[in-house]
Amino acid sequence: MAIDLKAVEQLATDQSSLKAAAGLAKPAKWSGVGGSPDGALIWGECAGSGANPYRVMADLRDLGNKCTCPSRKFPCKHVLGLLWLNAESIVQFAPADTPAWVSDWLGRRRGTSAAKPATAPAGDKDLRAARAVEPEVTEDPKDVARRVAQAAKRNEETERAILDALDALEQWIGDQLRLGLSSFIDDATARCRRIAARLVDGKAAALAGRIDELPSRLLALAAGDRPRGAIVELGKLVLLARAFRATPRDAEIRRAVATSETRETVLADPQAPRANGHWEVLAEQVQTRRDGLVSQTTWLLNLAGSGPRFAMLLDFFPASAGRRGSVFTSGERFRGELVFYPSQQPLRALLVRRDAADETLAHEWPAPDEALSEALTRPLLAEPWMLDVPLLLPQGRIARDDAGHAWWRSGDGTATLPVASNAEGLLCGTDLTCSAAIWSGSRLTILAAQTAWGRIGSHD
């Protein structure tokens, strides 16, 4: 079954979508491309602006389609790009087993599969114009020099604004300590909201988001632990502010204070570490933030013997856009290439390429490669302001005390750590041969664990 470009043109909502689709109709933009044996279904994953690629699928029998991107256009440019690839046979849609995410979509739409999607009038769209390559404009050297000077001036102004905001932050922290931790904890939401707004004005957006979430991190602790938690959190903020003053151009510190590099910048950075290997999806954490954004964090475990042990794929999207489907399933394994944001301890990453699922992957989890005490403290020696430390725990077991609090205890009885309240179900009481967890400095959040009977996820 095949389509032609005329159908793609008719489906496009406007000329800009058609032009964008032409730009996406390149093999380098896609991974995991495949099709059903009869050619009726096609699918693929397209790199977007976030950490995760968008999953795109289409049914060529009636041109029904679906994409996980947040675009409000239907069909979006990714669907048009996929159809364009198929129409011109730019890549091979090799027959393959239908992925679960395509089957899920197909199952949900069968009731309406007979209805063809609406098509926009083709009169205001032009395939030739969409394909046309924009001629390169030769800039006047004076304009280039002027633009560089303006950019340098903007950077200086931004840096000055951030430093002023950090001065205000340190003064604010001193005020909280002077007024007493008890009153700070009782009024943390309003107080943090005010200083976060000041930081946003001072172009320290990343730090503002972190402080906005500080009250929720404190409230997650037992009442008796909150004063200590507040001291630790405020101390980390002071360290981060002073680290920025010492090295304001350090990309890693600037990322924690102001903003992150774009996906294109990281991909083009020759210093950015890359890892090509076997990965397991440990878990996904979705959180609606106070600033109106939803953070979607996917934790991956590197099953190979070299490269970073963990990877964190982080995406943000507006809460007003509604729930967004995940491109991963917990426990899923795949071969793929990741590029990490440059850092002393590479963790945040972008997924560059994911190959089709391989059922033959049978790598066991790697064993913890350092003592638990070192795994807990070593990352904080390099980045004392770090919030979450991923680690592999040795054999142990989770149990609850008389007060109902959960604790993880190592098999040899030499280490005991408090566990966040998500440790329920099969995780409790089962002998865990190895566990992947996040250490927040006061609590463990178990992502997944291995047992003699197989893998257990945090929701099992």
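The structure under discussion appears in the preceding block.
Since this is a predicted model, take the numbers as computed values, not measurements. (Residues numbered from 1 in each chain as written. Predicted model: local features only at pLDDT ≥ 70, side-chain atom pairs only at ≥ 80, totals over all residues. Heavy atoms only, no water.)

Draft legend 1. Broad picture of the overall build of the protein chain. Of the regular secondary structure elements, the protein chain holds 14 helices and 16 strands. The C-alpha atoms of the protein chain give a radius of gyration of 25 Å, which matches the 23 Å a tight globule of 460 residues would have. Its C-alpha atoms give the protein chain principal-axis dimensions of roughly 70 × 65 × 40 Å. Across the 460 residues of the protein chain, 47% fall into the buried class. Looking at the protein chain alone, contacts between residues at least 24 apart form 63% of all its contacts between residues at least 6 apart. With an accessible surface of roughly 22800 Å², the protein chain has 53% of that area assigned to carbon and sulfur atoms. Between the mean site of the 57 positive side-chain charges and the mean site of the 57 negative ones, the protein chain shows a separation of 4 Å. (Helix = DSSP H or I, 4+ residues; strand = E, 2+ residues; numbered from the N terminus. Rg over C-alpha atoms; globule rule 2.2 N^0.38 Å. Buried < 20%, exposed > 50% of the residue type's maximum accessible area, 1.4 Å probe, protein only. Contact = heavy atoms within 4.5 Å. Areas by Shrake-Rupley, 256 points an atom, 1.4 Å probe, with all protein chains shown as cover. Lys, Arg positive; Asp, Glu negative; His and termini not counted. Charge placed at Lys NZ, Arg CZ, Asp CG, Glu CD.)

Draft legend 2. Spotlight on the nonpolar core. Counting residues in hydrophobic clusters, the biggest one holds 32 residues, and the most contacted among them are V8, L83 and W84. Elements with a minimum of two residues in this core: α1 (5–11), α2 (15–24), β2 (41–46), β3 (54–59), α3 (77–87) and α5 (127–131). With six residues, α3 is the single largest residue contributor to this core. Contacts of L83, omitting those with residues within four sequence positions, involve I3, V8, L11, I42, A58 and L60. L240, A241, F244 and V257 belong to the second largest nonpolar core, which has 31 residues in total. (Core = buried A, V, L, I, M, F, W, Y, C linked by side-chain atoms within 4.5 Å.)

Draft legend 3. Highlighting the packing of helix α6 (residues 141–179) against helix α8 (residues 188–201). Axis separation between α6 and α8 bottoms out at 9 Å; the angle between their running directions is 165 degrees. Judged by the inter-axis angle, α6 sits roughly antiparallel to α8. Here the hand of the crossing between α6 and α8 comes out right-handed. Only R191, C192, I195, R198 and L199 of α8 make contact with α6, whose side of the interface consists of D164, A165, A168, L169, W172, Q176 and L179. (Axes fitted to C-alpha atoms, helices over the stretch in contact; angles between N-to-C directions. Parallel < 35°, antiparallel > 145°, perpendicular 65-115°, else oblique. Left-handed = near helix turned anticlockwise from the far one by under 90°.)

Draft legend 4. Expanded view of the sheet that holds strand β4 (residues 64–67). Taken in spatial order, the four strands line up as β1-β2-β3-β4 in an open sheet, and their pairing is antiparallel. Bordering the open sheet on either side are β1 (30–35) and β4, each of which pairs with just one other strand. Across the sheet, the axes of successive neighbouring strands diverge by a mean angle of 10 degrees, strand direction being ignored. Of the strands in this sheet, β1, β2, β3 and β4 touch α3, which is tilted by about 60 degrees from β3. Against the sheet, helix α4 (residues 100–109) contacts β2, β3 and β4, and its axis sits at roughly 50 degrees relative to β3. (Pairing = 2+ DSSP bridges.)

Draft legend 5. Quick peek at α4. Residues W101, V102, W105, L106 and R109 constitute the buried set of α4. Burial along α4 is one-sided: seen end-on, the buried residues are contained in an arc of 135 degrees. Every exposed residue of α4 that faces more than 90 degrees away from the buried side is listed here: A100 and R108. Elements in contact with the buried residues of α4: β2, β3 and β4. (Arc of directions from axis to C-beta.)

Draft legend 6. Just unusual backbone geometry, in detail. In this model, F74 is joined to P75 through a cis peptide bond whose omega is 0 degrees. A positive phi is found at S89, a non-glycine position, where the angle reads about 50 degrees. Tracing the chain through its elements places S89 in the loop between α3 and α4. The exposure class of S89 is exposed, given its relative accessible area of 58%.

Draft legend 7. Spatial organisation of the pairing of strand β7 (residues 310–318). Of all nine residues making up β7, seven are buried, and the element is well covered by its neighbours. Bridge analysis of strand β6 (residues 293–302) against β7 gives nine bridges, and the strand direction is antiparallel. Within β7, the residue paired with V294 across the bridge is F317. Across two bridges, the pairing between β7 and strand β9 (residues 348–354) is parallel. Bridge pairing in β9 links M312 to R348.

Draft legend 8. Highlighting α3. Of all 11 residues that make up α3, nine are buried, and the element is covered over most of its length. All buried positions along α3 are accounted for by H78, V79, L80, G81, L82, L83, W84, L85 and N86. One or two residues past the end of α3 sits S89, with phi positive at roughly 50 degrees.

This is a description of form; function is not addressed.
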